[in-house]
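Geometric and topological summary
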Amino acid sequence: MKKRLLALLLAGAMCVGLAACGNADKPSDSSKAPEGTASTAPEDGGKELTIEEVWPSGTTVYIDVPAKAGGGTDLYVRYTTAALGEICQGVNFVVTNYDTAEVGAEHTKNAKPDGLTLTATACTSMDNYLSGASNVNPFEDYVVVGKLNDGGPQAIIAKPGAPYHNLKELGDYIKDHPGELVVGCALGGTSQIILRSIIDSLGEGYGDMVNYVQCSSEADKLTQTASGSIDIANCSIPNAQAYEADGKLTILGTVGPKVSTLEAMSELVGLDLPDTFKTTMEQGIDFSWDAGYYLVAPAGTPDNICQAINSALVQLKDNKSFQDGMNTMATFLNTPDLATSRADYEKEWKFQIECVDSLGLLARDVK
């Protein structure tokens, strides 16, 4: 299983090898179009544009990844740029990773709004701003050009030999052992919001009866849960499968978009998942996590440029490279039109405000 997963990820990395990659907190200034490349934004921003006019052959498009190489956001971007390279012939897509997420977010925010600098964003960016961890407002400082997916289900994992085997049993344990459970998550971040929301759904006040400790990277969550240093955490389904197969984890269930079901997830990952992977909804818990990934441009980017870029993004759903990439990431592919993408983004923004506020973590005046 491990070899198969590694091969899939390596194949994904190889398919995007043509996209250039940097990794620095101070890359060259991509907020300016490269020499010989002019912005195609008309002064009135009203003329309808084609993607060939916005990104003519020979153009360089910069896509910032506010995260280190190899993570989920990075892989989503690389599957996207590999496919866009096939759709937009002759366009050079340059991917730049940032060790510091805030620096990457600021770079895109301050870039020229000409459609030549984009970034990937998701609920994590929203949560970081809402909790006060970031100064970049992803709802006001960016403008959506398209949606890439509906997100993917996450496994809820427990240490091997745990005295609970599903989410209901976890709730019973918390009730009978207040103050004992150790939850690994990114404190003040998305994973804490997800896990606390699930625990609160198990019983009133249960979220205050557990201990949250800093454990943000997936690698740390897997190793520390397997060793018993933490009791529960969340991780991707492929990694949960691999560790469970080696007897290193107990799977309590999954949480993800409303479209997630055991059958849908099995089709997504190409395997018949056992009942241990039943979703929160399938286990009778009224909670789902609908959080997709989006490509956004600096605020002020004209709508006709955004529309042209979206016309290329909607073609991703029919691109095999992109389809394979989303399947590898166990993610539900969805590349809607611009209006739908923006409506979904706004809906997620409002949902995140409610979640962060309900947990007492809201540090911004956005209500």
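Scope of this entry: the structure provided in the associated data block. (Residues numbered from 1 in each chain as written. Predicted model: local features only at pLDDT ≥ 70, side-chain atom pairs only at ≥ 80, totals over all residues. Heavy atoms only, no water.)

**Some details on the side chain of Asn 310**
Looking at the secondary structure, you find Asn 310 in helix α11 (residues 303-313). Asn 310 has contacts with Val 145, Gly 146, Pro 336, Asp 337, Leu 338 and Ser 341, leaving out every residue within four places of it along the chain. (Helix = DSSP H or I, 4+ residues; strand = E, 2+ residues; numbered from the N terminus. Contact = heavy atoms within 4.5 Å.)

**Brief notes about the nonpolar core**
The biggest cluster of nonpolar side chains holds 43 residues, and the ones touching the most others in it are Tyr 164, Leu 170, Leu 181, Ile 232 and Trp 289. The element best represented in this core is helix α7 (residues 190-202), accounting for 6 residues. Among residues more than four places away in sequence, those in contact with Leu 181 are Tyr 164, Leu 170, Tyr 173, Ile 174, Val 210, Asn 211, Asp 231 and Ile 232. (Core = buried A, V, L, I, M, F, W, Y, C linked by side-chain atoms within 4.5 Å. Buried < 20%, exposed > 50% of the residue type's maximum accessible area, 1.4 Å probe, protein only.)

**A closer look at the environment of Thr 190**
The topology assignment puts Thr 190 in helix α7. Taking C-alpha positions, Thr 190 is 6.2 Å from Asp 127, a pair spaced 63 residues apart along the chain. Those residues in contact with Thr 190 that lie beyond four places of it in its chain are Cys 123, Thr 124, Asp 127 and Trp 289. Here Thr 124 takes part through its side chain, which lies 3.4 Å from a polar atom of the side chain of Thr 190. (Polar contact = N/O pair within 3.5 Å; in protein donor to acceptor, adjacent residues only side chain to side chain.)

**Section: the packing of helix α3 (residues 72-87) against helix α12 (residues 320-328)**
For the pair α3 and α12, the least separation of the axes is 8 Å and the interaxial angle reads 170°. Comparing their axes, α12 and α3 come out roughly antiparallel. Across the interface between the two elements, Tyr 76, Tyr 79, Thr 80, Ala 83 and Glu 86 of α3 pack against Ser 321, Phe 322, Gly 325, Met 326 and Thr 328 of α12. Looking at side-chain class alone, the contact of α3 with α12 contains 5 nonpolar, 4 polar and 1 charged residues. (Axes fitted to C-alpha atoms, helices over the stretch in contact; angles between N-to-C directions. Parallel < 35°, antiparallel > 145°, perpendicular 65-115°, else oblique. Nonpolar A, V, L, I, M, F, W, Y, C, P; charged D, E, K, R; others polar.)

**A look at the environment of Glu 53**
Following the sequence through the fold, Glu 53 ends up in helix α2 (residues 51-54). The class of Glu 53 is partly exposed, set by a relative accessible area of 31%. Expressed as a C-alpha distance, the spacing of Glu 53 and Ala 308, which sit 255 residues apart in the sequence, is 8.5 Å. Within polar-contact distance, the side chain of Glu 53 engages the side chain of Lys 47 at 3.5 Å. At a separation of 2.8 Å, a polar atom in the side chain of Glu 53 contacts the main-chain amide nitrogen of Thr 50.

**What to know about the pattern of salt bridges**
Taken as a whole and judged by the stated rule, the model has 13 salt bridges. In this structure, the salt-bridge partner of Lys 109 is Asp 141, at a minimum N-O distance of 3.8 Å. In this pair, Lys 109 is assigned in helix α4 (residues 101-109) and Asp 141 in the loop between α5 (123-130) and β5 (142-149), connecting sequence segments 32 residues apart. Asp 141 gets classed as buried once you look at its relative accessible area, which sits at 16%. Residue Asp 324 is joined to Lys 320 by a salt bridge in which the shortest nitrogen-to-oxygen separation is 2.7 Å. Linking Asp 324 with Lys 320, this pair stays in helix α12, spanning 4 residues, or about one helical turn. By relative accessible area, Asp 324 is classed as partly exposed at 34%. Exposure remark for Lys 320: the relative accessible area of 55% places this residue in the exposed category. Taken together, the salt bridges that share partners define one network made up of Lys 147, Asp 150 and Asp 344. (Salt bridge = Lys/Arg side-chain N within 4 Å of Asp/Glu carboxyl O.)

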